[in-house]
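Structural overview for review
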Amino acid sequence: MRRTRTRLAVALIAAATPIAAAGCSSGGSASAGPVTLSYALWDQTQQAGYQACADAFTAQDPNIKIKITQAAWSNYWQNLTTEMTAGDAPDVFTDHVAYYPQFVADNQIMDLTADVTSAQVNLGQYQPGLADMWVDGGKRYGLPKDWDTEGLVYNTKMLTAAGVSPSSLDSLTWNPTDGGTFEQLIAKLTIDENGNNGLSPKFDKSHVKVYGYVPTYDDGNTGQSSWGDLAVENGFSFLPKPFSTAYNYASPALEQTVTWYASLAQKGYAPPYQKNSTLGVNAVLDAGQGAMTQIGSYNVSSYAGPTAKQSYGFAELPIGPDGRKTLINDLSDAIWSGTKYPTQAWKWISFLASPACQDIVATKGVIFPAITEATKKAETARIAAGQNITPFVQEAQAPGGTFIYPISQHESQISTEVQSQLDAVWLGQASAASALETAQSAVSGYMSQP
Amino acid sequence: MAGITGSSLAVATAAHEGPPEAVGAARPGRRRAARRGDGRIASLFLAPALVGFALFYLYPTIRGVYFSFTDYDLLSPPHSVGAANYRYLWRDPLFWNALRVTLQYVVINIVSQTVLALGLAWLMFRLTRSVLVRVLFLVPWLVPNVAVGLLWLWLLDANLGFVNHLITDLGGSSQGFFTTPSLAMPTIAVINTWQYTGYTALLFYAGMLQIPGTLFESARLDGAGEVRTFTRITLPLLRPIMALVLVVSLIGSFQIFDTVSIDPAQGGPVNATRVIYYYIYQLAFTQFRMGYASAVAVTLVLILGVLTFLQLRLLRASRSDLA
């Protein structure tokens, strides 16, 4: 018996040895020879632009090559975090304000303060407000690469058929009590099976053919493309300041907005939660079952690009009680603290944040670069391509017209909770007041959980 | 089948070779003695599988149990928190909700799948031996889960789905299969039933082929009809296969993940489809609460262990009525 056991142990060890050996063989040196940096992106439509940047960068500095890896948004953060745990993350990766506080807390991304100071990066060249989003506890963890704002997208034929001129959309107003001229427009664009629109007394809300507004019900904790912007127009604020723990979900301003948003379906102007497509607003608008919705500028190419199945126009958000407010967000590039090539990674990052790269990205017309000069180039390129995206740019440049993404810890947990509670409101199972109160108390709990 | 009968015969003979007075007490000892001769060879052959088991199952399980007593966010080193995760779990409404919706899924899925599969297997057994039919049953099982999820997501979509077009054309009103809380979990359960029924039917069919034909013949001679033959001969003799299929599909059913994760509702509406595996996944990889996720996973292992044990006991799976 004992001999059998010994042999078994030997066999086990023998079988495991090659694995251990393989584990040791992968190592590299940080010498000054040619290096290849890996760079992670999540948006495949942006890959061409950044590939062009990478080519220009390598042409300038032939010792540094860039290898772009791309993973869809839905697995990007899972991949990244597990790669970090395994000690094999990309040297440089695209970062989001919702996620970087966690990486800072876990020492996974590098503090760029000294590099930015010594390289004298001009922080004034970026769209105002963006650069500050990447400072946590006085240290800088990124430089802005692009920005996005929110706007309306409408089916141009349906708008014309309703007798509405596109220019009149510039002065749309909204309030949570009667919805303002925004709700009037939504009603006008809603057509039932008998051809009556939502304003007609004969309107049959249980047999709607075209909805005036296609809502995004699954919009997480920010309502970035739905209730969030309207709530801020109504005086709501998510957090008193970035990195605060004092979320404000039980605010009456938010409650009124959510109640109004849910009322669109009750009036028949928007599909109710149960009957709203889970395939996304783009699919519904393309199928001609909706006339208008709200989108982020990062989604413009789905409506203005070659895959669009209808003809679309863009407009600014309606003007609320506190004026017109849109969430503005930007992305940055972060250096993973486990990289073997911090010097080269900094060179690549500073190139990405420079006019040289952002001008290249601008010509590809997918996103708006963070540098104001490059934004102008992007706008010109898009208009030349027949895409009138000026509303998104005007919103970004309007003084006091933007607010930033609520930056805090526990973002994804908050998102799940707020989403669940709002689902109950959309389904008519709970009032906005009670749902938001529940969400708020859960969110407060997360701030003190282990 | 010949193999099974052969080896059990060999064991039986070996046991009977012992001295008559020692039969009762010494039987286990004799068995061990009979196996010792093959031990060395057996361990050699088992080694690769054991290494794999130790490396990919045992070690992760032990790590998982360890993590369940820590606070660990994947990136900073875990630090011990004692039983805090288990105490939190006891009070976590989302955990109990996850168990409840998973059970709902398991019941709908297992019942519908087993009943349909038995029916299909019996039809095949009685009507055709066609290989083509058997292959066709396997087709949905061969499609990757993600593709199945996407396919049905499109077919059943509330606005744009083909199924809802059919329903409205026939005068009904369109249904939010994935978006109505009371429909979401049954919809997912039925989709997976659609996918796995053919496969399960084949297992039952193979089990039916093992039943000696003489039994059916004598039943027919004694005047038993289809229904009586099925309930009195096929079903009882199918018990070991039934036990295997039920245990495997119960465990598989508890592991429902793909279809839920394809659904853009991400466990919604209002947690209606946040099944236990998806909850563990969200905790571990979107909220990075690896410690707590491990505690939920360990609890699930315990629950599944108890369920499997009960099932095997109740179905007396190791004994066949044919022996």
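Going by the annotation in an unreviewed UniProt entry, the name recorded for chain B is Sugar ABC transporter permease, with Actinospica acidithermotolerans given as the source organism. Recorded under Sequence similarities (unreviewed entry), the UniProt text for chain B is reproduced unchanged: "Belongs to the binding-protein-dependent transport system permease family." Regarding chain B, the UniProt comment filed under Subcellular location (unreviewed entry) reads as follows: "Cell membrane".

In the nomenclature of an unreviewed UniProt entry, chain A is known as Sugar ABC transporter substrate-binding protein of Actinospica acidithermotolerans. The Sequence similarities (unreviewed entry) comment attached to chain A in UniProt states, word for word, "Belongs to the bacterial solute-binding protein 1 family." Check the Subcellular location (unreviewed entry) section of the UniProt entry for chain A; it says "Cell envelope".

**Details of the environment of A:Leu199**
Residues and elements named next belong to chain A. Its place among the elements puts Leu-199 in the loop between β8 (191–192) and β9 (208–210). Overall, Leu-199 belongs to the partly exposed group, its relative accessible area being 44%. Distance from Leu-199 to Ser-420, taken between C-alpha atoms, is 32 Å for residues 221 residues apart in sequence. Ignoring any residue separated from it by four or fewer positions in sequence, one finds Leu-199 in contact with Gln-184, Ala-187 and Lys-188.

**As for the nonpolar core**
Of all hydrophobic cores here, the largest spans 205 residues; its most connected members are A:Tyr50, A:Phe93, A:Trp348 and A:Trp426. Residue contributions to this core peak at 13 residues, all from helix α4 (residues 93–127) of chain B. Apart from residues no more than four positions distant in its own chain, A:Trp348 is found in contact with A:Leu37, A:Tyr39, A:Tyr50, A:Cys53, A:Ala54, A:Phe57, A:Ile66 and A:Val92.

**Some details on the pattern of salt bridges**
Think of it this way: side chains of opposite charge can pair up when their charged atoms draw near. Residue and element names in this part refer to chain A. According to the stated counting rule, one finds seven salt bridges over all chains in the structure shown. The salt bridge involving Lys-347 is made with Asp-61; its shortest N-O contact spans 3.6 Å. With Lys-347 in helix α12 (residues 342–352) and Asp-61 in the loop between α2 (47–60) and β2 (64–70), the pair connects residues that are 286 residues apart, well separated along the chain. Two residues, Arg-324 and Glu-316, come together in a salt bridge whose shortest N-O distance is 2.9 Å. What makes Arg-324 partly exposed here is its relative accessible area of 22%.

**Some points on the side chain of B:Asp73**
Inspection of the secondary structure puts B:Asp73 in the loop between β1 (70–71) and β2 (79–80). No salt bridge is formed by the buried B:Asp73, whose closest oppositely charged neighbour, B:Arg289, lies at an N-O distance of 11 Å. Only 3.2 Å separates the side chain of B:Asp73 from the side chain of A:Gln102, close enough to count as a polar contact. Of note is the side chain of B:Asp73, whose polar atom sits 2.9 Å from the side chain of B:Ser76. Contacts of B:Asp73, omitting those with residues within four sequence positions, involve A:Gln102, A:Asp106 and B:Phe288.

**So, the confidence of the model for chain B**
Residue and element names in this part refer to chain B. Residue-level pLDDT values for chain B average 84, and 87% of them are 70 or greater. Model confidence for chain B, summarised as mean pLDDT per element, is weakest for helix α1 (residues 2–16) at 36 and strongest for α4 at 93. Here residues 1–30 scores under 50 on pLDDT; set against residues more than four positions off or in separate chains, the count is six contacts.

**Considerations on the interface of chain B and chain A**
The interface of chain B with chain A comprises 39 residues on the first partner and 39 residues on the second. Of the roughly 3,600 Å² buried between chain B and chain A on both sides combined, carbon and sulfur atoms contribute 62%. Counting every contact that joins chain B to chain A gives zero salt bridges. Applying the counting criterion to the chain B and chain A interface returns 13 residue pairs in polar contact (both at pLDDT 80 or more). For the side of chain B that touches chain A, the secondary-structure elements that each account for two or more residues are α2 (23–67), α6 (145–155) and α13 (276–286) of chain B. Ranked by residue count, the leading element in the side of chain B that touches chain A is α2(B), at seven residues. Classifying every residue of the side of chain B that touches chain A by side-chain character gives 19 nonpolar, 14 polar and six charged.

**A closer look at the domain arrangement of chain A**
Residues and elements named next belong to chain A. Partitioning chain A into domains gives domain 1 (35–148 + 329–394) and domain 2 (150–328 + 404–446). The centre of domain 1, based on its C-alpha atoms, is set 30 Å off from the matching centre of domain 2. Here domain 1 packs against domain 2, burying approximately 2,000 Å² in sum over the two surfaces, 66% of which is carbon and sulfur. For the pair domain 1 and domain 2, the interface holds zero salt bridges.

**A closer look at the confidence of the model for chain A**
On average, residues of chain A score 88 in pLDDT, and 92% of them reach the 70 mark or higher. Throughout residues 1–31 of chain A the model reports pLDDT below 50, and contacts reaching past four residues in sequence, or to other chains, amount to 15 contacts.

**Digging into the side chain of B:Gln311**
Residues and elements named next belong to chain B. Within the fold, Gln-311 resides in helix α14 (residues 290–315). Overall, the relative accessible area of 15% leaves Gln-311 in the buried class. When sequence neighbours within four positions are dropped, the list of residues in contact with Gln-311 reads Leu-246, Val-247 and Leu-250.

**A short note on the pairing of strand β11 (residues 312–315) of chain A**
All names here are of chain A. Burial along β11 is two-sided: the face carrying Tyr-312 and Phe-314 and the face carrying Gly-313 and Ala-315 are both buried. Where strand β7 (residues 150–155) and β11 come together, four bridges link them in antiparallel fashion. Following the sheet pairing, Val-153 is matched in β11 by Phe-314.

**Some points on the sheet that holds strand β10 (residues 292–296) of chain A**
Picture the strands of a sheet paired through backbone hydrogen bonds; they go either parallel or antiparallel. All names here are of chain A. With respect to topology, three strands assemble into an open sheet ordered β10-β7-β11, the strand pairing being antiparallel. In the strand order of this sheet, the two ends are held by β10 and β11, each with one partner. Across the sheet, the mean angle from the axis of one strand to that of its neighbour is 35 degrees, orientation sign disregarded. The pairing of β7 with β10 spans five bridges and is antiparallel. The partner of Gly-151 across the bridge, within β10, is Ile-295. Contacting β7, β10 and β11, helix α15 (residues 390–397) crosses the sheet at an angle of about 160 degrees to β7.

**Quick notes on a nonpolar patch on the surface**
A cluster of nonpolar side chains, B:Leu46, B:Leu50, B:Phe53, B:Leu55, B:Phe56, B:Tyr57, B:Leu58 and B:Ile62, forms an exposed patch at the surface whose accessible area comes to about 820 Å². With respect to the element layout, B:Leu46 can be found in helix α2.

**Examining the environment of B:Ala121**
Residue and element names in this part refer to chain B. Here Ala-121 lies in helix α4. For Ala-121 and Gln-195, which are 74 residues apart along the polypeptide, the C-alpha to C-alpha distance reads 15 Å. Setting aside its immediate chain neighbours within four residues, Ala-121 contacts Ala-201, Phe-204, Tyr-205 and Met-208.

**Quick look at the packing of aromatic side chains**
To describe a pair of aromatic rings, one takes the distance between the centres and the angle between the planes. Within this structure, the stated rule accounts for 52 aromatic pairs over all chains. Between B:Phe53 and B:Tyr57 the ring centres are 5.9 Å apart and the planes differ by 15 degrees, which places this aromatic pair in the stacked class. Highlighted residues: B:Phe53 and B:Tyr57, both in helix α2, separated by four residues, approximately one helical turn. The exposure class of B:Phe53 is partly exposed, given its relative accessible area of 44%. Linked through ring pairs, A:Trp174, A:Phe182, A:Tyr213, A:Tyr217, A:Trp260, A:Tyr261, A:Tyr273 and A:Trp426 together constitute an aromatic cluster.

Rules used in this analysis
Residues numbered from 1 in each chain as written. Chains lettered and ligands numbered in written order. Predicted model: local features only at pLDDT ≥ 70, side-chain atom pairs only at ≥ 80, totals over all residues. Heavy atoms only, no water. UniProt positions renumbered as here; feature names shortened; annotations may be inferred. Helix = DSSP H or I, 4+ residues; strand = E, 2+ residues; numbered from the N terminus. Buried < 20%, exposed > 50% of the residue type's maximum accessible area, 1.4 Å probe, protein only. Contact = heavy atoms within 4.5 Å. Core = buried A, V, L, I, M, F, W, Y, C linked by side-chain atoms within 4.5 Å. Salt bridge = Lys/Arg side-chain N within 4 Å of Asp/Glu carboxyl O. Lys, Arg positive; Asp, Glu negative; His and termini not counted. Polar contact = N/O pair within 3.5 Å; in protein donor to acceptor, adjacent residues only side chain to side chain. pLDDT = per-residue confidence, 0-100. Buried area = accessible area lost by both parts, 1.4 Å probe. Nonpolar A, V, L, I, M, F, W, Y, C, P; charged D, E, K, R; others polar. Domains from an automatic or database assignment. Pairing = 2+ DSSP bridges. Axes fitted to C-alpha atoms, helices over the stretch in contact; angles between N-to-C directions. Patch = residues over 30% accessible without salt bridge, like charges linked within 9 Å, V, L, I, M, F, W, Y side chains within 5 Å. Areas by Shrake-Rupley, 256 points an atom, 1.4 Å probe, with all protein chains shown as cover. Phe/Tyr/Trp six-rings, centres within 6.5 Å; stacked < 30°, edge-to-face > 60°.

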